[in-house]
Amino acid sequence: MSRPIKFRAWLGSEMLRDELIVWTPDCELQGGTRLNTAIKKFQEEENFVLMQFTGLLDKSGTEIYEGDILQSEDTLRRWSVEYSTCLGGCYVCVGIGKTWSADNPAWEVLTVIGNIYEHPELVRERP
């Protein structure tokens with residue numbers, strides 16, 4: 001396996017950041033007991049959102065997850081991280097007039113400044 005498979009979950013008012021890691025080829029799940037419990041109950045929760053680690057790090061070494069908001073220091077532009085099936089199944093950085101896929105080295109010059117659930121104002125407040 002080339003990278004750890006990690007998740008976090010939004011439960012409407014709380015972000016669970018416990019790691020849920022796939023250790024075996026048959027997808028046996030271990031660790032992250034709070035998140036495991038949340039996944040089992042997700043059908044009961046109206047505001048449950050599961051977000052996967054992209055395998056990418058920002059310029060300061062912070063892990064980038066789906067739903068994160070990234071900012072460029074040079075232009076102060078912001079992008080959100082999404083999974084796209086349109087590009088053959090990869091993570092993309094979506095912003096005004098620009099989309100990057102995971103193979104673009106430009107991810108390394110961006111900084112995670114929040115996420116769309118805990119800090120929705122960061123998406124609306126475009127510099």
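Being a predicted model, the structure only gives us computed values, none of them experimental.

Points about the sheet that holds strand S1 (residues 7-11)
Consider a sheet: its strands pair through backbone hydrogen bonds, and that pairing is either parallel or antiparallel.
Consideration 1: Pairing is antiparallel across the open sheet formed by 4 strands, whose spatial order is S2-S1-S5-S6. Only two strands of the sheet have a single partner each, and these edge strands are strand S2 (15-16) and strand S6 (63-65).
Consideration 2: Pairing of strand S5 (residues 48-57) with S6, which is carried by 2 bridges, proceeds in the antiparallel orientation. Its bridge partner being in S6, Phe53 is matched across the sheet by Tyr65.

Concerning the environment of Ile113
Consideration 1: Inspection of the secondary structure assignment puts Ile113 in strand S11 (residues 110-115).
Consideration 2: Judged by its relative accessible area of 31%, Ile113 falls in the partly exposed class.
Consideration 3: Separated by 42 residues in the primary sequence, Ile113 and Gln71 have C-alpha atoms spaced 6.7 Å apart.
Consideration 4: Ignoring sequence-local partners within four residues, the contact set of Ile113 consists of Ile69, Gln71, Arg78 and Leu122.

Rules behind the numbers
- Residues numbered from 1 in each chain as written.
- Predicted model: local features only at pLDDT ≥ 70, side-chain atom pairs only at ≥ 80, totals over all residues.
- Heavy atoms only, no water.
- Pairing = 2+ DSSP bridges.
- Helix = DSSP H or I, 4+ residues; strand = E, 2+ residues; numbered from the N terminus.
- Buried < 20%, exposed > 50% of the residue type's maximum accessible area, 1.4 Å probe, protein only.
- Contact = heavy atoms within 4.5 Å.

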